[in-house]
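Below, each chain spelled out in residue letters.
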Amino acid sequence: MNATGTGAGRPGSGGSVTGGASGTGGPSGIGTISTSTEARNLQWLLGNLVEEVPGLISVAVVSSDGLLLLSSDPEQRQVTVVRQGPRGSSADLATIVSGIGSLTVGAARLMDGGNVKQTMVAMEEGSVFVMAISDGSLLGVHATPDCDMSVVAYHMALFVGRAGHVLTPEVRSELRQSMEAAQ
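Residues numbered from 1 in each chain as written. Predicted model: local features only at pLDDT ≥ 70, side-chain atom pairs only at ≥ 80, totals over all residues. Heavy atoms only, no water.

Visitor: Could you clarify how one ought to interpret the environment of Gly47 in this entry?
Guide: As for its position among the elements, Gly47 is in helix 1 (residues 37-52). When the C-alpha atoms of Gly47 and Ser71 are compared, they prove to be 9.1 Å apart, with 24 residues separating the residues in sequence. (Helix = DSSP H or I, 4+ residues; strand = E, 2+ residues; numbered from the N terminus.)

Encoded structure:
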């Protein structure tokens, strides 16, 4: 899917990510375990996010209780972009995303600021972006220091808008089980 929301591929035929996928697999043609259409749609969306946005190192979708649901971990995915994330582990990024999410929600409560929509941490050697998904889950991105932050935020918002209604309790449970099976 390109930036305008149209794409040549369909869910199940695009890049697959950790969390399982069905069909023929990703660009590498490697097939993985079978999952529901909704889970494949989320995996496809995450794969497209990683492939289309320059400067992304790793991406994770974390449940509201801090469990990793989907990731683009270079060690576990079959997407064409392969780089080292925080200590090379999607579990580390999930922990960071969950902690940042918790901290900002607490701060927003103390300041009567309403719901937290997005958080960005800029560091010398990279950036971390965290965006809330409608069900309380979080999308986290670790990016290079030279990434275009507005492009990253835009594509994250597209993902959140498309994924929010698909990430049901059933799909979250299925993705958790797939992550556990992959480890």
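Visitor: Explanation requested: the confidence of the model for the protein chain in the structure shown.
Guide: The share of residues in the protein chain with pLDDT of 70 or more is 72%, and the mean pLDDT across the chain is 77. No element of the protein chain has a lower mean pLDDT than helix 4 (residues 169-182), which averages 84, and none a higher one than strand 4 (residues 126-132), which averages 96. pLDDT under 50 marks residues 1-32. Its contacts with residues more than four places away, or in other chains, come to 90 contacts. With pLDDT under 50 throughout, residues 74-85 is counted as low confidence; its partners more than four residues away or in other chains account for 41 contacts. (pLDDT = per-residue confidence, 0-100. Contact = heavy atoms within 4.5 Å.)

Visitor: Please clarify how the packing of helix 1 against helix 4 should be interpreted in this entry.
Guide: How two helices pack is summed up by the angle between their axes together with the distance between the axes. Taken N-terminus to C-terminus, the directions of helix 1 and helix 4 make an angle of 70 degrees; their axes are 9 Å apart at the nearest point. Taken together, helix 1 and helix 4 sit at an angle that is classed as roughly perpendicular. With respect to the hand of their crossing, helix 1 and helix 4 are arranged in right-handed fashion. Across the interface between the two elements, Glu38, Ala39, Leu42 and Gln43 of helix 1 pack against Val171, Glu174 and Leu175 of helix 4. (Axes fitted to C-alpha atoms, helices over the stretch in contact; angles between N-to-C directions. Parallel < 35°, antiparallel > 145°, perpendicular 65-115°, else oblique. Left-handed = near helix turned anticlockwise from the far one by under 90°.)

Visitor: Looking at this model, I keep getting lost on helix 4. Mind explaining?
Guide: At 3.6 residues per turn, the α-helix brings residues three or four places apart onto the same side. Spanning 14 residues, helix 4 covers 20 Å between terminal C-alpha atoms, matching the ideal 20 Å at 1.5 Å per step. Along helix 4, the residues classified as buried are Val171, Arg172, Glu174, Leu175, Ser178 and Met179. Angular distribution of buried residues about the axis of helix 4 spans 165 degrees; they occupy a single face of the element. Facing away from the buried side of helix 4, by more than 90 degrees, are the exposed residues Pro169, Glu170, Gln177, Glu180 and Ala181. Packing partners of the buried residues in helix 4 comprise helix 1 and strand 2 (68-71). (Expected span 1.5 Å × (residues − 1). Buried < 20%, exposed > 50% of the residue type's maximum accessible area, 1.4 Å probe, protein only. Arc of directions from axis to C-beta.)

Visitor: Can you walk me through the sheet that holds strand 3 (residues 118-123) in this structure?
Guide: If you walk across this open sheet you meet the 5 strands as 2-1-5-4-3, and the pairing is antiparallel. Across the chains shown, the open sheet's two edge strands, defined by having one partner strand only, are strand 2 and strand 3. Neighbour-to-neighbour, the strand axes of the sheet open up by a mean angle of 15 degrees, direction not taken into account. Alignment of strand 1 (residues 56-62) against strand 2, held across 3 bridges, turns out to be antiparallel. Note on strand 2: the bridge partner recorded for Val62 is Leu68. (Pairing = 2+ DSSP bridges.)

Visitor: Sorry if this is basic, but what is going on with the nonpolar core here?
Guide: Proteins that are soluble and globular tend to have nonpolar side chains buried together. Core analysis: the biggest nonpolar cluster contains 29 residues, and Val61 and Leu139 have the highest contact counts within it. Considering each element in turn, this core owes the most residues, 7 residues, to helix 1. In this structure, Leu139 is in contact with Leu46, Leu49, Val59, Ala60, Val61, Phe129, Val130, Met131, Ile133, Met156, Phe159 and Val160, ignoring residues within four places of it in sequence. If you look at the next biggest cluster of nonpolar residues, it comprises 11 residues, including Ala94, Val97, Val128 and Val130. (Core = buried A, V, L, I, M, F, W, Y, C linked by side-chain atoms within 4.5 Å.)

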